[in-house]
Amino acid sequence: DEVARIDMAGLMHGTRVAVRGMRAQASGGFVYNMEGFGSRDEFQMGLGVYGSAKRGVRYFNDAMAREMKGTNVKVCGISPGIVVTDFLTRQSAKIPPERWEQSRKIFNILGDTVENVAPFLVKNMLANQKNGHAIRYLTRPRAMLRFASSPFRKRKII
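All of the points below concern the structure found in this document. (Residues numbered from 1 in each chain as written. Predicted model: local features only at pLDDT ≥ 70, side-chain atom pairs only at ≥ 80, totals over all residues. Heavy atoms only, no water.)

1. A few points about the environment of Q25
The test is simple: Only DSSP runs of H or I reaching four residues or more are called helices, and only runs of E reaching two or more are called strands; each is numbered from the N terminus. Only protein chains enter the accessibility calculation, which uses a 1.4 Å probe; a residue is then buried when its area is under 20% of its type maximum, exposed when over 50%, and partly exposed in between.
Looking at where Q25 falls in the secondary structure, it is placed in the loop between α1 (2-23) and β1 (29-34). A relative accessible area of 37% means that Q25 is categorised as partly exposed.

2. A short note on the side chain of N33
Our working rule: Only heavy atoms enter the contact rule, under which two residues are in contact if any of them lie within 4.5 Å.
The residue N33 is located in strand β1 in this model. The class for N33 is buried, based on a relative accessible area of 8%. Among residues more than four places away in sequence, those in contact with N33 are L11, T15, V57, F60, N61, V75, C76, G77 and I78.

3. Observations concerning the nonpolar core
Which entries qualify depends on this criterion: By nonpolar core we mean a set of buried residues, namely Ala, Val, Leu, Ile, Met, Phe, Trp, Tyr and Cys, connected to one another through side-chain atoms within 4.5 Å.
Residues M8, L11, V19, M22, V31, A53, V57, F60, M64, M68, V73 and V75 constitute the largest nonpolar core, which totals twelve residues. Of all the secondary-structure elements, those providing two or more residues to this core are α1, α2 (48-67) and β2 (73-79). In contact with V19, other than residues within four places in its own chain, are V31, M68 and V73. Among the nonpolar cores identified, the runner-up in size contains eight residues, and Y32, C76, V117 and Y137 belong to it.

4. As for the pattern of salt bridges
Defined as follows: Salt bridge, as used here, is a side-chain nitrogen of Lys or Arg placed within 4 Å of a carboxyl oxygen of Asp or Glu.
Taken as a whole and assessed by the stated rule, the structure comprises four salt bridges. In this structure, R136 and E35 form a salt bridge, with 3.3 Å as the shortest nitrogen-oxygen distance. Placement of R136 in strand β5 (residues 134-136) and of E35 in the loop between β1 and α2 is noted, with a sequence separation of 101 residues between them. The pair R136 / E35 is uniform in exposure class, with both members buried. One network of salt bridges, with partners in common, ties together D112, R146 and R155.

5. Structural notes on the sheet that holds β1
The strands that make up a sheet pair up through hydrogen bonds in the backbone, lying either parallel or antiparallel. So the rule is basically this: Criterion used throughout: strands pair if DSSP finds at least two bridges between them. Structural elements are reduced to axes, namely lines fitted to C-alpha atoms, with helices fitted over the stretch in contact, and the angle between N-to-C directions of any two is expressed from 0 to 180 degrees.
Judged by pairing direction, the sheet is parallel, and its three strands sit side by side in the order β1-β2-β5 without closing on themselves. Strands at the two margins of the open sheet, each flanked by one partner only, are β1 and β5. Sheet twist, expressed as the average angle between the axes of neighbouring strands with direction ignored, equals 25°. In the sheet, β2 pairs with β5 via three bridges, with the strands oriented parallel. Considered in β5, the bridge of I78 is made with I135. Along the sheet face, α1 touches β1 and β2 and points at about 170° away from the line of β1.

6. Focus: the side chain of N108
We apply this condition: Between N or O atoms, a polar contact is any pair within 3.5 Å; within protein, one atom must be a potential hydrogen donor and the other a potential acceptor, and residues adjacent in sequence are included only when both atoms are from side chains.
You can see N108 is positioned in helix α4 (residues 97-110). Take N108: its relative accessible area is 7%, and that puts it in the buried class. In terms of polar contacts, N108 uses its side chain to reach the backbone amide nitrogen of I157, at 2.6 Å. Other than its neighbours up to four places away in sequence, N108 contacts R155, K156, I157 and I158.

7. Quick look at α1
Which entries qualify depends on this criterion: An expected span of 1.5 Å times one less than the residue number is assigned to each helix. To get the bend at a residue, fit one axis to the 7 residues ending there and another to the 7 starting there, then take the angle between the axes.
Helix length check: α1 (22 residues) gives 30 Å between terminal C-alpha atoms against 32 Å at 1.5 Å per residue, within 8%. Along α1, the sharpest kink reaches roughly 30°, centred on G10. Residues of α1 that are buried in the fold lie against β1, α2 and β2.

8. Some points on the environment of Y50
Tracing the backbone shows Y50 in helix α2. With relative accessibility at 31%, the residue Y50 sits in the partly exposed group. For the pair Y50 and Q102, spaced 52 residues apart in the sequence, the C-alpha separation amounts to 20 Å. Residues in contact with Y50, not counting those within four places in the same chain, are V3, D7, G36 and F37.

Set out below in C-alpha cells:
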C-alpha cells in the first residue's frame with residue numbers, strides 16, 4: 001500500500017498540482033517525474049510491487065505528455081539508475097547477508113554516487129525543450145559497458 005500510495009497516487013496528485021500552477025503562468029513549465037527499476041520492463045524477484053509502480057510512472061508520464069501537448073506545460077521523466085543513497089544503504093540491513101553480497105556486487109558495477117548522477121540529470125533537464133522526453137543516466141549501453149569492463153575495472157561504490 002505504501003509503495004502504491006507514494007509512487008503512484010502521490011506522483012499523480014503532485015503532477016496535478018504542478019500542472020495546474022504551471023498552466024496558470026504564461027511561461028508554463030516542466031514536470032519531471034522519477035522513473036525507476038521496472039519502468040522499462042526490468043524484473044527482479046522481490047521487486048514486483050516497486051517495479052509495477054515504476055512501470056506505472058512511465059505510463060503516466062507518457063499519458064500526461066500527450067494530454068499536455070499543445071499547452072505551455074511539458075511532462076517528462078528522469079531515471080537516475082542505481083544511486084547510492086541513505087535509503088539504499090538502509091535497505092541493505094533488511095536483506096539476508098548472502099543476497100546482500102550479490103546485490104552489492106551489482107551495485108558496485110552499475111551504481112553511482114549522487115555527486116556523479118545529479119549534475120548529469122540537472123544539465124540535461126535544463127537543456128531539454130521536448131515534451132515527453134526521458135532523461136536516463138544508466139542507459140542500456142552504459143550498463144553493458146560497465147558489465148563488460150567489470151573484470152578489469154573494479155568499482156567500490158558500496
